[in-house]
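Architecture at a glance
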Amino acid sequence: MKMTPMAVVVGSLMLLAAIVFMVVYMPWATRVEEPSEILRPRSDVEARGRALYIANGCVYCHSQSIRTIDWGLGAERIAQAGDYILDQPILLGSARTGPDLSQEGGEHPDDWHIAHFTNPRYTRTLSIMPAVAYLGQQNLEDLTAYVQGLGLKQADRRMQRQRFWKQEAIRAYEAGPVANVEWLHATVPEGWRNLPNPYPTSEAGLARGHKLYQDFCLGCHGPVGDGMGPAQPYLYPPPLNFTILKDRGISGGILYYQIMNGITGTAMPYFKKELESEKIWDVGNYVAVYFINQSDANTEPRGIDAANEP
Amino acid sequence: MTTDAHTADQPYLTAKGFCITSGLWLVVATFMGLLGATELIAPDLTENIGWLVFGRIRPIHVNLVLFGFVTPGLLGAAFYYFPRLLRTRIYSDKLGVVTVLLWNLTLVAAVVSLAAGHTQGREYAEMIWPIDMLVVAVFVLVFINLIMTVRQRREPVLYVSVWYVCAAVVLTGATFSLGNVIWQPTSGALVGIPDAILLWFYGHNVFGLLLTPLAAGVAYYVIPRACQSPLYSHTLSLLGFWSLIVVYTHIGTHHLLQVPVPTWLKVISIVDSVAMVIPVMAFLINIWYTARGRLGAIHADIGAKFVFTGTIMYFFVSIQGSMMALPQVQRVTHFNNWVVAHAHVGVLGFAGMIALGGLYYVLPRIAGKPLYSRFLADFQYWMVLIGVVGFTSVLTIAGLVQGHAWLNGETVYRVIPQIHVYYVYRAALGLMIFISAVLGLYNILRTLYFNPGEAR
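Just so you know, these numbers come straight off a predicted model, no measurement behind them.

Our next topic: the overall build of chain A. Within chain A, the secondary structure is distributed over 12 helices and 0 strands. Starting at the N terminus, the α and β elements of chain A follow one another as α-α-α-α-α-α-α-α-α-α-α-α. For 310 residues, the compact-globule formula gives about 19 Å, and the C-alpha radius of gyration of chain A, at 25 Å, lies well above that figure. Expressed along its principal axes, the backbone C-alpha trace of chain A runs to roughly 90 × 45 × 35 Å. Classification of the 310 residues of chain A by burial places 53% in the buried group. Put simply, of all contacts in chain A between residues at least 6 apart along the chain, 72% involve residues at least 24 apart. Element-wise, carbon and sulfur atoms account for 59% of the exposed surface of chain A, whose accessible area totals about 14,000 Å². Treating the 27 positive side-chain charges of chain A as one cloud and the 33 negative ones as another, the clouds have centres 6 Å apart.

Structural data, given as structure tokens:
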């Protein structure tokens, strides 16, 4: 084959045109135009927040694309082409340096996000996300609105739930510590309330609890459990001061349930996806021993001692 | 590949300009990479300095490496070997110098606008429309200069390096315009899933139709010259060239295997990703058989040493890339640092190494004097080699930790502290690469200016 300038330039351009037709034009011509069941247009404030998300490069660390294999990660819904048909540009992302955000909307109340954006380590002590307080309050609120809309109609349902329970939580908080603790306990199902921590307090268990407390709890509840962590000024109702729980009917079961399930409407997230059973018992007992100074670990009814107990 | 009176006394101003551009932006680009890597270890280091936030530093790093360091470096060599291979002078050094200046202006505009948060948010296509236009303009200017040089040639046969460079410039001009959706100035994007398909078609072709053919062009020039042996096979050159254009352009969707895109398109991308062994091995067998028995000559020339090492990296990155396109492999490797490691073997290990090799091969010949410091160039060689191998090792480990932990049901947050130590190693290795880039720039400038060596 004789390679002339014409052969090189025109030949390669013709090949490119044919291939573009196949792998770019054809997928476009046959694209999905049906909206998925969660699709809705974004509001103006959400669109502004999305522009901030793009401008500050959030997309480099956060995917918005839940894969079938993410069921193993606890995902509830797999991405569909119909979720994206209004997105220009689409923000699938290519890395999970931070978590996927496709269904982030309504996972936390707004004030949690403001604290998190101000400095991510206020709410998540091990986070490596940059602080974005430089955006200013108005922009932080827009960005929060965008994130709270991720998941679209599903996010809207979760946000409704957040707003309802936030009112309840504020009412309880403003009624004073006694009423607040009563309300917090009353939200835990009966069976859990009477359940003591089934494992005895041990040095090793407290050490594990201490580490977990630093990694997950300290940002809001503070290093001494008085609810004065760095996120506290941003949150309302504020994080619980554990010391007020003493002699007010606290149990290992209540601590376990609240850590596992979170308290929707407040900044208290659920930890059931991040902590397995033993870790929740351990961090609950750490709080009970050090901050409440009242632990029911290993009291009756406790069943048969577990095989690993000393 | 002979020289004669027509080529002997050229100033090579365009080549010189591109070489300096490459050396300069390598320093800036590696600094940005180092800064980003450090922010992943110490996220509050630049707390609330908006234009230094990780999400803005990262695209600056990536765009500068691609368009500031590697592309100009490879073009610098091309503007040297085009006149020599074609036995003529460069069409217009005046146009070439204007192109270099415009290129640098474009890069400055890209850095400033990205740092200020003006981005279209699409990976490798971040730059806003006016800057896209500047990029297209410089590609057009480069193409005019090269194709006119081809037209005024006195050598009837076009050597394979010339094919590669001409095709790279014209095809990238086209895919860049397409991928940046330049008919949509505001958004620079399509809507929905087709936007992702187009983006990764273009994104992967930055490597497939720009860096790879330009690097192949340099390797095809430097290795036979350094070895003083004829190219092994013309047939393999042809096979490698045409199969690269056909196969590479089909594989972009392997970035989207876990996304709802049409299955037939995924199948095409996987099959062609595996078929990448054809262009890769056609090129490598050709180069390696040319160098067969003559590794001493390669070792003796620092430029050829860089280039030859780059071809070895090309082998690894391509075989790895073919494997990563397999869905079973990608279940572990997608979304994590494995991919970052892969990208660095490709862009720094392969294309970057060959760009540096091209620089160090042509600089003494342009200057008419030996390289200012062979030691500094060797030092840079080892720093980049250790840097990129170490980088790949630690990030691959981090990626495996992440990928397996996620498949095991761990959340992303739980795995962050587990990979911290690898981030520390990565930043340390990045520091080595950055320091060697600074010394490299010094070496380049001293070779061209204030060179105490004797003219030859």
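Here we take up the overall build of chain B. Within chain B one finds 17 helices and 0 strands. For 456 residues, the compact-globule estimate of 2.2 N^0.38 gives 23 Å, and the C-alpha radius of gyration of chain B, at 21 Å, lies within 12% of that figure. Each principal axis of the C-alpha atoms in chain B carries an extent, and together these give about 70 × 50 × 45 Å. A buried classification covers 67% of the 456 residues belonging to chain B. Considering only contacts within chain B whose residues lie at least 6 apart along the sequence, 84% involve residues at least 24 apart. Approximately 15,300 Å² of chain B is accessible, and the part contributed by carbon and sulfur atoms is 70%.

With that settled, consider the state of the cysteines. Here the structure, examined in full by the defined rule, presents 0 disulfides over all chains. As a non-bridged cysteine, Cys 220 of chain A has Cys 217 of chain A as the owner of its nearest cysteine sulfur, 9.0 Å distant.

Let us look at the packing of helix H15 (residues 374–407) of chain B against helix H17 (residues 420–448) of chain B. Relative orientation and spacing of two packed helices are given, respectively, by the angle between their axes and the distance between those axes. All names here are of chain B. Closest axis-to-axis distance for the H15/H17 pair is 8 Å, and the angle between their directions is 160 degrees. For the element pair H15 / H17, the angle class is roughly antiparallel. Considering only the axes of H15 and H17, their crossing is left-handed. Looking at the contact of H15 with H17, its residues break down into 21 nonpolar, 7 polar and 1 charged.

With that out of the way, let us pick up the nonpolar core. Leu 66, Phe 67, Val 70, Tyr 81, Phe 82, Phe 241 and Tyr 360 of chain B are the most contacted members of the largest nonpolar core, which totals 164 residues. Every residue in contact with Phe 241 of chain B, bar those within four places of it in the chain, is listed here: Met 3 and Val 8 of chain A together with Trp 163, Tyr 164 and Ala 167 of chain B. In terms of nonpolar packing, the next biggest core, distinct from the first, is built from 46 residues, Leu 73, Val 181 and Val 188 of chain A together with Val 415 of chain B among them.

The interface is formed by 78 residues belonging to chain B together with 74 residues belonging to chain A. Of the roughly 6,400 Å² buried between chain B and chain A, counting both surfaces, carbon and sulfur atoms make up 70%. Our count for the chain B to chain A interface comes out at 1 salt bridge. Between Arg 121 of chain A and Asp 44 of chain B there is a salt bridge, with the nearest N and O atoms lying 2.7 Å from each other. Run the count over chain B and chain A and you get 20 residue pairs in polar contact (both at pLDDT 80 or more).

Residue and element names in this part refer to chain B. Per the counting criterion, the structure on display carries 44 aromatic pairs over all chains. Cluster of aromatic residues (ring-pair linked, three or more members): Trp 163, Tyr 164, Tyr 220, Phe 241, Trp 242, Phe 283, Tyr 314 and Phe 350. Between the NZ or CZ atom of Lys 305 and the centre of the ring of Tyr 381, over which it lies, the distance is 4.8 Å. We note Arg 365 situated over the ring of Tyr 361; from NZ or CZ to the ring centre the distance is 3.7 Å.

Let us now look at helix H10 (residues 277–290) of chain B. Spacing of three or four residues puts side chains on the same side of an α-helix, whose turn is 3.6 residues. Residues and elements named next belong to chain B. Along its 14 residues, H10 runs 19 Å from first to last C-alpha, staying within 8% of the 20 Å computed at 1.5 Å per residue. Burial in H10 covers these residues: Pro 279, Val 280, Ala 282, Phe 283, Leu 284, Asn 286, Ile 287 and Thr 290. Close packing links the buried residues of H10 with helix H7 (193–227), helix H8 (234–248), helix H9 (263–275) and helix H12 (302–324).

Below, the discussion takes up the environment of Glu 300 of chain A. Considering the arrangement of structural elements, one finds Glu 300 of chain A in the segment after helix H12 (277–292). Here the side chain of Glu 300 of chain A touches Arg 302 of chain A through a polar contact of 3.5 Å, landing on its backbone nitrogen.

Residue and element names in this part refer to chain B. Taken together, the side chains of Leu 239, Val 274, Val 277, Ile 278, Ile 319, Met 323 and Leu 326 present a nonpolar region at the surface, about 520 Å² in accessible area. Secondary structure elements with two or more residues in the nonpolar patch: H10 and H12. Of note, Val 277 is situated in helix H10. With relative accessibility at 34%, the residue Val 277 sits in the partly exposed group.

A few words now on the domain arrangement of chain A. All names here are of chain A. One can read the domain layout of chain A as domain 1 (44–151) and domain 2 (162–292). The C-alpha centroid of domain 2 is placed 26 Å from the C-alpha centroid of domain 1. At the interface, 16 residues of domain 1 touch 21 residues of domain 2. Summing both partners gives a buried area of about 1,500 Å² for domain 1 against domain 2, and 53% of it is carried by carbon and sulfur.

Before going further, it helps to spend a moment on helix H2 (residues 44–55) of chain A. The end-to-end C-alpha distance of H2 of chain A, which contains 12 residues, comes to 17 Å, matching closely the 16 Å that a straight helix rising 1.5 Å per residue would cover. Buried positions along H2 of chain A lie against helix H5 (137–148) of chain A together with helix H3 (54–86) of chain B. Remark: Gly 57 of chain A follows H2 of chain A within two positions and exhibits a positive phi of approximately 70 degrees.

Moving on, we get to the environment of Leu 16 of chain A. Within the secondary structure layout, Leu 16 of chain A lies in helix H1 (residues 5–29). On the accessibility criterion, Leu 16 of chain A (5% relative accessible area) is buried. Once residues within four sequence positions are removed from consideration, Leu 16 of chain A is found in contact with Leu 171, Ala 174, Thr 175, Phe 201, Leu 209 and Thr 249 of chain B.

As a further point, take the side chain of Glu 155 of chain B. Tracing the sequence through the fold places Glu 155 of chain B in the loop between helix H5 (129–151) and helix H6 (160–179). Excluding anything up to four places from it in sequence, Glu 155 of chain B contacts Leu 85, Leu 86 and Arg 87 of chain B.

The rules behind the values
Residues numbered from 1 in each chain as written. Chains lettered and ligands numbered in written order. Predicted model: local features only at pLDDT ≥ 70, side-chain atom pairs only at ≥ 80, totals over all residues. Heavy atoms only, no water. Helix = DSSP H or I, 4+ residues; strand = E, 2+ residues; numbered from the N terminus. Rg over C-alpha atoms; globule rule 2.2 N^0.38 Å. Buried < 20%, exposed > 50% of the residue type's maximum accessible area, 1.4 Å probe, protein only. Contact = heavy atoms within 4.5 Å. Areas by Shrake-Rupley, 256 points an atom, 1.4 Å probe, with all protein chains shown as cover. Lys, Arg positive; Asp, Glu negative; His and termini not counted. Charge placed at Lys NZ, Arg CZ, Asp CG, Glu CD. Disulfide = S-S within 2.5 Å. Axes fitted to C-alpha atoms, helices over the stretch in contact; angles between N-to-C directions. Parallel < 35°, antiparallel > 145°, perpendicular 65-115°, else oblique. Left-handed = near helix turned anticlockwise from the far one by under 90°. Nonpolar A, V, L, I, M, F, W, Y, C, P; charged D, E, K, R; others polar. Core = buried A, V, L, I, M, F, W, Y, C linked by side-chain atoms within 4.5 Å. Buried area = accessible area lost by both parts, 1.4 Å probe. Salt bridge = Lys/Arg side-chain N within 4 Å of Asp/Glu carboxyl O. Polar contact = N/O pair within 3.5 Å; in protein donor to acceptor, adjacent residues only side chain to side chain. Phe/Tyr/Trp six-rings, centres within 6.5 Å; stacked < 30°, edge-to-face > 60°. Lys NZ or Arg CZ within 6 Å of the ring centre and 35° of its normal. Expected span 1.5 Å × (residues − 1). Patch = residues over 30% accessible without salt bridge, like charges linked within 9 Å, V, L, I, M, F, W, Y side chains within 5 Å. Domains from an automatic or database assignment.

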